[in-house]
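Spelled out, the chains give:
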Amino acid sequence: MKEKIVVVNNHKISTYYSDYNNNSSHRVVFLHGNSLSAKIFENQFNSDILGGFELIAIELPGHGNSSKFTGFDQKYSYSHLVELLITLINQLDIADSFFVGNSLSGNLLFEILPDLKPIKGIMVNGAPPFNIPFNPQLMVLPSPDSMLFSKGPLTDGEITAMASLLLTENSIYEPFINSIIKNCDENFRSDLLKSVIFGDFSNQVDKINNTNIPLCIFNGESEKICNIQYIIDCVAPARLYKNKIHHIKNSSHLPFLENPKVFNELLRDFVVTNSN
């Protein structure tokens, strides 16, 4: 993964590129979830299955090596993140790509669906689409640790609990995820919660069902956060790749990290199927 810093609206955004030759018809852009980083996609950048694909990973503000938002007028709101993401995609001229969105970034992709007409397709996991009226109790599975994703400062114990929600039991990746969470700007989580409380989002269910952009929704069979039944109830089967949600064994909220072979094969087939 080769890192390149891009300045967008005076913010330094870290982007990563694969070593493969450019092939815009098979370009995939990866976007991580809340409190994580582009490093969670390392098993895609190192994959022979995706050999020849042009891969790009973007780190959200306040995550990884991207700069933090500072100042009263620069909060981590949904609308601010969507605006920055659209600007970055247009600045890099990568709108005509396939996008993979994990968790929060899946919701960001749902938000920008109408604004990126050339987009070739999106793959999303762990991102129950927002509906109006908004009912978060239907979207997530019951767990007292779920609120850690909207809590500012975290203790070491809370970071470990947060990581355990993202991974299967006794995952070898827990220390890796712990270190990534520690590096996230603690204001990101609390700012985002305020943004949701104030209704800073659109009806994503309508956007999904009223667009013909190819959509693949996948999840880990041991998912602990997202209520998959809610997604099944919201999204018309005809809108989904092969008319179903794809379940990936031996994985939880980060299937591309924990079971990369199965995920990479799914990604490859989705891209090839929907490429011109």
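Scroll up to find the structure.
So, a few notes on the structure that sits alongside this text. For clarity, every value in this text was computed on a predicted model and none was experimentally measured.

This paragraph deals with the pattern of salt bridges. Considering all chains together, one arrives at seven salt bridges under this definition. Salt-bridge contacts for R27 lead to E54; the nearest nitrogen and oxygen are separated by 3.3 Å. Separated by 27 residues along the polypeptide, R27 in strand β3 (residues 27-31) and E54 in strand β4 (residues 54-58) bring together distant segments of the chain. The residues R27 and E54 share a single accessibility class, namely buried.

Moving on to helix α11 (residues 260-274). In this model, α11 (15 residues) spans 21 Å end to end at C-alpha, consistent with the 21 Å of a helix rising 1.5 Å per residue. Of all the positions in α11, only F263, N264, L266, L267, F270 and V271 are classed as buried. Taken down its axis, α11 places every buried residue within 160° of arc, on the same side. Among the exposed residues of α11, those pointing more than 90 degrees away from its buried face are K261 and T273.

Moving on to the packing of aromatic side chains. Inspection of the entire model under this criterion finds 14 aromatic pairs. For the ring pair F134 and F201, a centre distance of 5.0 Å and an interplane angle of 55° mean the geometry is tilted. Here F134, found in the loop between β6 (121-125) and α4 (136-139), pairs with F201, found in the loop between α7 (186-197) and α8 (204-209); they are 67 residues apart in sequence, far enough to count as distant. Take F134: its relative accessible area is 31%, and that puts it in the partly exposed class. Seen from their ring centres, Y241 and F270 are 5.2 Å apart, and the 75° between their planes marks the pair as edge-to-face. A residue pair is termed long-range when its members are at least 10 positions apart, and Y241 in the loop between α9 (228-234) and β8 (246-248) and F270 in helix α11 qualify at 29 residues. The class for Y241 is buried, based on a relative accessible area of 9%. An aromatic cluster is built from F30, F41, F45, F218, F256 and F263, whose rings are joined through pairwise contacts.

Counting 52 residues, the largest nonpolar core has I58, I89, F99, L108, F110, I112 and I122 as its most contacted members. Per-element accounting of this core gives the leading share, eight residues, to helix α2 (residues 78-92). Dropping the residues within four chain positions of it, L108 is found in contact with L60, Y78, L81, V82 and L85.

Okay, the packing of helix α5 (residues 156-166) against helix α6 (residues 174-182) next. Two numbers describe how α5 lies on α6: the axes approach to 9 Å, and their chain directions differ by 120°. Judged by the angle between their axes, α5 and α6 are oblique. Once α5 is placed against α6, the crossing between them reads as right-handed. Contacts between α5 and α6 involve D156, I159, T160, M162, A163 and L166 from the first element and E174, I177, N178, I181 and K182 from the second.

An α-helical turn contains 3.6 residues, so a residue and the one three or four places further along point in the same direction. Taken together, the buried positions of α5 are occupied by I159, A161, M162, A163, L165 and L166. As for α5, its buried residues are in contact with α6, α7 and α10 (255-258).

As for its placement among the helices and strands, H247 is situated in strand β8. Along the sequence, H247 and F263 sit 16 residues apart, while their C-alpha atoms lie 9.6 Å from each other. When neighbours within four sequence positions are excluded, H247 is seen to be in contact with N219, E221 and I228. Looking at H247, its side chain comes within polar contact range of the side chain of N219, at 2.7 Å.

Parameters and conventions
- Residues numbered from 1 in each chain as written.
- Predicted model: local features only at pLDDT ≥ 70, side-chain atom pairs only at ≥ 80, totals over all residues.
- Heavy atoms only, no water.
- Salt bridge = Lys/Arg side-chain N within 4 Å of Asp/Glu carboxyl O.
- Helix = DSSP H or I, 4+ residues; strand = E, 2+ residues; numbered from the N terminus.
- Buried < 20%, exposed > 50% of the residue type's maximum accessible area, 1.4 Å probe, protein only.
- Expected span 1.5 Å × (residues − 1).
- Arc of directions from axis to C-beta.
- Phe/Tyr/Trp six-rings, centres within 6.5 Å; stacked < 30°, edge-to-face > 60°.
- Core = buried A, V, L, I, M, F, W, Y, C linked by side-chain atoms within 4.5 Å.
- Contact = heavy atoms within 4.5 Å.
- Axes fitted to C-alpha atoms, helices over the stretch in contact; angles between N-to-C directions.
- Parallel < 35°, antiparallel > 145°, perpendicular 65-115°, else oblique.
- Left-handed = near helix turned anticlockwise from the far one by under 90°.
- Polar contact = N/O pair within 3.5 Å; in protein donor to acceptor, adjacent residues only side chain to side chain.

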